[in-house]
Amino acid sequence: MNGFSSPSYFSCSSCSKELRFIYSNCNWITCSQCGFLTERNNLHESFPNKLPGEDASFIQAGTLGTWRKDKFEVTGRIQFTLADDSYVNWWHLAASNNSLWLAESYGSMRIMKEDVLVSPVSTLEVMKPGDKIKMADKGNFQLVSFSVALTWETEGELPYRPEEKKFMWIELSEENNSGYDVHIFDRSFAKGYLGEDVDREKISLTKIRNVNGWN
């Protein structure tokens, strides 16, 4: 599978634990001992961080699956905590041809891929739940909600880290089980993600973990 590279080793700048990169398309690694997030560069720059709290997810780093005939492996996750105290896990997937995300929240899952955001932030900011917007050739989407992400924690290996701990999160949906998420860090910087709802069987997940004794 593409996405693997010869392992690189160095020590965590916070606790000195040995860190090891496995995936070539990942640039950040979380120390499993202290939680510090370290970048893959000559300086090994670090970012204060905490490990995600315990939850009911059956996904873990190392979980395998298939999406549209493309095999993938879970490298790590970002766990976002929202203003209403709910959380969303974004698991990064190292795939043969893509770098994808599996968004997981209270039993629902959606495969997400970073997308060029064509709608200006100023247009999205004035929308109300129920309003519709055409996202270029992606379809007509309806605004579901505005949320505020208050913080995030990480584990494993990731391609990047979010720009800020706190940001605006806009969720849109379409009738054909697809969705579009927009993360707005400020008016000059936002990221869009196009997604499709999936279930465990559709993406053939294996190497999952037991949760409280359940298979």
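Heads up: the structure comes first, above all this text.
Bear in mind the structure is a predicted one, so any value in this text is a computation, not a measurement.

Draft legend 1. Representation of the packing of aromatic side chains within the structure. One pass over the structure, following the stated rule, counts 14 aromatic pairs. Between phenylalanine 10 and phenylalanine 21, the ring centres sit 5.9 Å apart and the planes meet at 40°, which makes this aromatic pair tilted. One end of the pair, phenylalanine 10, is in strand S1 (residues 4–11); the other, phenylalanine 21, is in strand S2 (residues 18–23), with 11 residues separating them in the sequence. The pair phenylalanine 10 / phenylalanine 21 is uniform in exposure class, with both members buried. Judged by centre distance (5.8 Å) and plane angle (85°), the ring pair of phenylalanine 80 and phenylalanine 167 falls under edge-to-face. Pair noted here: phenylalanine 80 is in strand S7 (residues 70–82) and phenylalanine 167 is in strand S13 (residues 167–173), with a separation of 87 residues, a long-range link.

Draft legend 2. Here's a closer look at the pattern of salt bridges. In total, this model carries 8 salt bridges according to the counting rule given. Notably, a salt bridge pairs arginine 77 with glutamate 155, separated by 2.5 Å at the nearest N-O pair. Separated by 78 residues along the polypeptide, arginine 77 in strand S7 and glutamate 155 in strand S12 (residues 140–158) bring together distant segments of the chain. The residue lysine 138 makes a salt bridge to aspartate 115 at a minimum N-O spacing of 3.5 Å. Pair noted here: lysine 138 is in the loop between strand S11 (132–134) and S12 and aspartate 115 is in strand S10 (residues 108–115), with a separation of 23 residues, a long-range link. One connected set of salt bridges, linked through shared partners, spans Arg68, Glu196 and Lys202.

Draft legend 3. Looking closely at the pairing of S12. Relative to S12, strand S3 (residues 28–30) is paired through 2 bridges, and the arrangement is antiparallel. Directly across from tryptophan 28, in S12, lies its bridge partner leucine 158. As paired elements, S7 and S12 share 7 bridges and run antiparallel to each other. Counted as the bridge partner of leucine 82 is alanine 149 from S12.

Rules behind the numbers
- Residues numbered from 1 in each chain as written.
- Predicted model: local features only at pLDDT ≥ 70, side-chain atom pairs only at ≥ 80, totals over all residues.
- Heavy atoms only, no water.
- Phe/Tyr/Trp six-rings, centres within 6.5 Å; stacked < 30°, edge-to-face > 60°.
- Helix = DSSP H or I, 4+ residues; strand = E, 2+ residues; numbered from the N terminus.
- Buried < 20%, exposed > 50% of the residue type's maximum accessible area, 1.4 Å probe, protein only.
- Salt bridge = Lys/Arg side-chain N within 4 Å of Asp/Glu carboxyl O.
- Pairing = 2+ DSSP bridges.

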